[in-house]
Amino acid sequence: MIAQENIAILKDMGVKKILTHCPHCYHTLKNDYKQYGGEFEVIHHTVFIKELIQTGKIKVEKIRDGTAAYHDSCYLGRYNSIYDEPRFILKSTFDGEIKEVLRHRERGMCCGAGGGKMWYEEERGKRINYTRFEEFEEISANTIATACPYCMIMLDDDNKI
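What counts as what
Residues numbered from 1 in each chain as written. Predicted model: local features only at pLDDT ≥ 70, side-chain atom pairs only at ≥ 80, totals over all residues. Heavy atoms only, no water. Helix = DSSP H or I, 4+ residues; strand = E, 2+ residues; numbered from the N terminus. Contact = heavy atoms within 4.5 Å. 1 Å grid on protein atoms, 1.4 Å probe; cavity = no way out; pocket = protein on both sides within 12 Å on 5 of 7 lines; lining within 4 Å. Points joined across faces, edges and corners; volume = space filled by probe spheres on them. Nonpolar A, V, L, I, M, F, W, Y, C, P; charged D, E, K, R; others polar. Buried < 20%, exposed > 50% of the residue type's maximum accessible area, 1.4 Å probe, protein only. Salt bridge = Lys/Arg side-chain N within 4 Å of Asp/Glu carboxyl O. Axes fitted to C-alpha atoms, helices over the stretch in contact; angles between N-to-C directions. Parallel < 35°, antiparallel > 145°, perpendicular 65-115°, else oblique. Left-handed = near helix turned anticlockwise from the far one by under 90°. Arc of directions from axis to C-beta. Pairing = 2+ DSSP bridges.

Colleague: Can you walk me through the side chain of Ser92 in this structure?
Modeller: Tracing the backbone shows Ser92 in helix H4 (residues 84-93). Contacts of Ser92, omitting those with residues within four sequence positions, involve Ile53, Val60 and Lys62.

Dropping the structure here:
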């Protein structure tokens, strides 16, 4: 019902294109809303920013050094196959070595937020985001990049770098 109400509001406003920073919103607006009549052009901000860089509409400077790695968000990567755009942006803005963790791209490891693990504590074992963060520590990445606000919160929760 909420999706149908949202779609009606967007259509009444004449919305044809939606730009979003959230992979979860991207997935919902692009894929799930179609079954309720929501046919919009939905663009993730990484796709948009890559295009702006490539066309010279924005200029970026490489502002960091050290070692960086990119964390693939489940809803951006595995569910929507957006892997290259965030890495292009990282390479365009990062002055240092860029490494990949063992589990990346199609085999990326979830940070836990999409499964609701952001809002409760584990009763046994280690939090999934701590395990994920350890993979970045293993490759000595002093910068972790992600294109998802939920992943950023989860990875920052165990930030020891």
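Colleague: Looking at this model, I keep getting lost on the layout of surface pockets. Mind explaining?
Modeller: Here the idea is plain: a probe the size of a water molecule rolls over the atoms and shows the empty space left. For the largest pocket, the calculated volume is near 520 Å³. Around the largest pocket, the lining comprises 23 residues; the ones closest to its centre are Leu90, Thr143, Ile144, Ala145 and Thr146. Broken down by secondary-structure element, the contributors of at least two residues to the lining of the largest pocket are helix H3 (45-54), H4, strand S5 (143-146) and helix H6 (149-157). Across the lining of the largest pocket, the residue classes tally to 14 nonpolar, 7 polar and 2 charged.

Colleague: What is the right way to look at unusual backbone geometry in this model?
Modeller: Excluding glycine, most residues fall at negative phi; most peptide bonds, likewise, are trans. The phi dihedral of Ser81 falls on the positive side, at around 55 degrees, and the residue is not glycine. Topologically, Ser81 is positioned in the loop between strand S3 (67-71) and H4. Look at Ser81 and you get exposed, because its relative accessible area is 55%. Here Ser140, not a glycine, exhibits a phi torsion of approximately 60 degrees, which is positive. Mapped onto the elements, Ser140 comes out in the loop between helix H5 (128-138) and S5.

Colleague: Mind showing me how you'd approach the pattern of salt bridges here?
Modeller: Close approach of charged atoms allows side chains of opposite charge to pair. On inspection of all chains with the given rule, the structure shows 4 salt bridges. For Asp84, the salt bridge identified is with Arg105, shortest N-O distance 2.8 Å. Linking Asp84 in helix H4 with Arg105 in the loop between strand S4 (97-99) and H5, this pair joins segments that are 21 residues apart in sequence. Residues Glu100 and Arg87 are paired through a salt bridge, measuring 2.7 Å at the closest nitrogen-oxygen approach. Of the two residues, Glu100 sits in the loop between S4 and H5 while Arg87 sits in helix H4, which places them 13 residues apart along the sequence. Salt bridges linked by common partners bring Asp72, Arg87 and Glu100 together as one network.

Colleague: Is there a simple way to think about the packing of H3 against H4 in this case?
Modeller: The relative placement of two packed helices is expressed as an angle between their axes plus a distance between the axes. As a packed pair, H3 and H4 sit with axes 8 Å apart at the nearest point and diverge in direction by 45 degrees. As far as their axial angle goes, H4 and H3 are oblique. Classified by chirality, the crossing of H4 by H3 is left-handed. Every residue of H4 that contacts H3 at Thr46, Val47, Ile49, Lys50, Ile53 and Gln54 is listed here: Glu85, Pro86, Phe88, Ile89 and Ser92. Tallied by class, residues from the contact of H3 with H4 come to 6 nonpolar, 3 polar and 2 charged.

Colleague: Whenever I open this one, H6 confuses me. Can you help?
Modeller: Residue pairs three or four apart in sequence face the same way in an α-helix, which turns once every 3.6 residues. If you check which residues of H6 are buried, you get Cys151, Met154 and Leu155. Down the axis of H6, the buried side of the element spans an arc of 95 degrees, and every buried residue falls inside it.

Colleague: Please explain the sheet that holds S5 as it appears in this structure.
Modeller: Each strand in a sheet pairs with its neighbour through backbone hydrogen bonds, running either in the same direction (parallel) or in the opposite one (antiparallel). Strand order in the open sheet made by the 3 strands is S4-S3-S5, with parallel pairing throughout. The sheet is open, and its two edges are formed by S4 and S5, each paired on a single side. Across the sheet, the axes of successive neighbouring strands diverge by a mean angle of 30 degrees, strand direction being ignored. Here S3 runs beside S4; their pairing, made up of 3 bridges, is parallel. If you follow Thr67 over to S4, its bridge partner there is Glu97.

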